[in-house]
Amino acid sequence: MNLEHTTQGVDPVWVFHSDTALVTDLCHRIRFLDYPAIEFNDPKALGKQDPALTAIITDPDSHAALRAGASRHLRTLLDSTPTLLLAESPEQRQALASRTDGPIWPVEMPLKRARLAHLLSQAAQYRGCQRRQRLTGSSASIAKVRRLIEQVASFDTNVLVTGESGTGKELVARTIHDLSSRAAQPFVPINCGAIPGDLLESELFGHKKGAFTGAVNDRQGRFELAEGGTLFLDEIGDMAMPMQVKLLRVLQERTFQPVGSSETRVADVRIVAATHRDLKRAVERGEFREDLYYRLNVFPIEMPALRKRLEDIPGLLRELVLGYEHRGSKKLRLQPCALNALAGYAWPGNVRELGNLVERLAILHPTGVVRVDDLPEKYRVNASHASPMPQTNLTHLPESGLILKEHLQKIERSLIDSALERSNGVVARAARMLNMRRTTLVEKLRVA
């Protein structure tokens, strides 16, 4: 593995191919585009820690050989890293397009410089999104959220994300940004409820020196900092009425003025707002402007509470635990009785509370094995009569009988969930476990 020509702050690109001349040429072109290039030719040289990669460039035969001889660790890396598969013919590219072991992008040969630059930029954006906590879960409610995000991301439509505190509303906003054409520009969050009303105008629009007591310098506001990108207005429901009027004017005219300035500036930003409050009811009570509500609520997305998607807890735990593994902690393992206890808890703090629990367990139980008695008391209250994580008895026939079609659908869904859990949410791997086509599994997930 050649680790020369690294560029600080940019993740490297692997090149794995049997044609050494082609490898040398590709590495030269990749480095010219300011990405480090690694001539990767020995899977055994890979350490246990995941390297941070932008992409892998290879051909179908080399990719198949690499996977065949790969360790479980390397296969996981291959399934999560964008892979540019060099294809000679349209037929080969079409065949490769149906392969979904991971983010695999068939690439026409010869590979042109502009196309390579575009693909590497796209891969870097993909990896940047993947490194953040993902919208984890296979429940119908979280699948709906994903579909809505995919539908709206490519538009500049205003989005209003609702849901209880701790459900992951900012994660939704960041994912929308990452999947949009604005992904290369800033994502700027601001908590409208955490800033006093008399300072919020300056925070949003900036101010000129001397505009008010304490304004000793010019200052950029969040609208200016987010130029070309996305402005996330968190807890918009806590914004004071006078500030709502000023925000509405900016959204209508797409211009603003810094405090203390007569200069008008264009606001080229995409707005994603979020709140845990019921804004419609706030409008009825006169606490929130109706015109601003409809201006923001063009495309609503509701994040479900964790107690309404308990089947996602195992996947969320894996996602959260993975972060502590990368910090050097041993892998946490929750015994079934501990998982069942968590299923009986109401989770008022939602995913944020689950994350806090994982952090506490990682500190208190470095050996990694967590029993029900190791959980804080409030999580053990309902342990004795908690419903177990969903399981299906394939053979038991209740005395009252059952509706066979519905029962078979539940069995099928349970097996699909188990396959998705074992494959860490990778649909193609789950489909192989179930011996079905990926497109068939995707369709079943869509209608579930």
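Throughout what follows, the structure given in this document is the object of discussion. (Residues numbered from 1 in each chain as written. Predicted model: local features only at pLDDT ≥ 70, side-chain atom pairs only at ≥ 80, totals over all residues. Heavy atoms only, no water.)

Observations concerning the pattern of salt bridges
As a reminder of what qualifies: Any Lys or Arg side-chain nitrogen found within 4 Å of a carboxyl oxygen on Asp or Glu counts as a salt bridge. Only DSSP runs of H or I reaching four residues or more are called helices, and only runs of E reaching two or more are called strands; each is numbered from the N terminus. Whether a residue is buried, partly exposed or exposed follows from its accessible area with a 1.4 Å probe, protein chains only, as a fraction of its type maximum: under 20%, in between, or over 50%, in that order.
In this structure the tally under the stated criterion is 18 salt bridges. Put simply, glutamate 203 and arginine 219 hold a salt bridge, and the shortest N to O gap is 3.0 Å. One end of the pair, glutamate 203, is in helix H8 (residues 197-205); the other, arginine 219, is in the loop between H8 and helix H9 (222-225), with 16 residues separating them in the sequence. The shortest N-O distance in the salt bridge between arginine 277 and glutamate 287 comes to 2.7 Å. Here glutamate 287 lies in the loop between helix H11 (279-284) and helix H12 (290-296) and arginine 277 lies in the loop between strand E11 (270-275) and H11, a separation of 10 residues in the sequence. Overall, the relative accessible area of 23% leaves arginine 277 in the partly exposed class. By relative accessible area, which is 37% here, glutamate 287 ends up partly exposed. One salt-bridge network, held together by shared partners, links Asp156, Arg182 and Asp268.

Here's the deal with the nonpolar core
The test is simple: Nonpolar cores are built from buried Ala, Val, Leu, Ile, Met, Phe, Trp, Tyr and Cys residues. Side-chain atoms within 4.5 Å join them into one set. Here, two residues are considered to be in contact whenever any of their heavy atoms come within 4.5 Å of each other.
Counting residues in each nonpolar core, the largest one holds 31 residues, and the members touching the most others are Leu204, Phe223, Leu233, Ile236 and Phe288. For this core, the secondary structure elements donating two or more residues are strand E7 (187-191), H8, strand E8 (230-234), helix H10 (241-253), E11, H11 and H12. When residues in this core are grouped by element, the largest group, five residues, is from H10. In this structure, leucine 233 is in contact with Ile190, Cys192, Leu204, Leu247, Ile271, Val272, Ala273 and Ala274, ignoring residues within four places of it in sequence. Counting residues in hydrophobic clusters, the runner-up holds 24 residues, among them Leu306, Leu320, Val370 and Leu375.

All quantities given are derived from atomic positions and should not be read as evidence of function.
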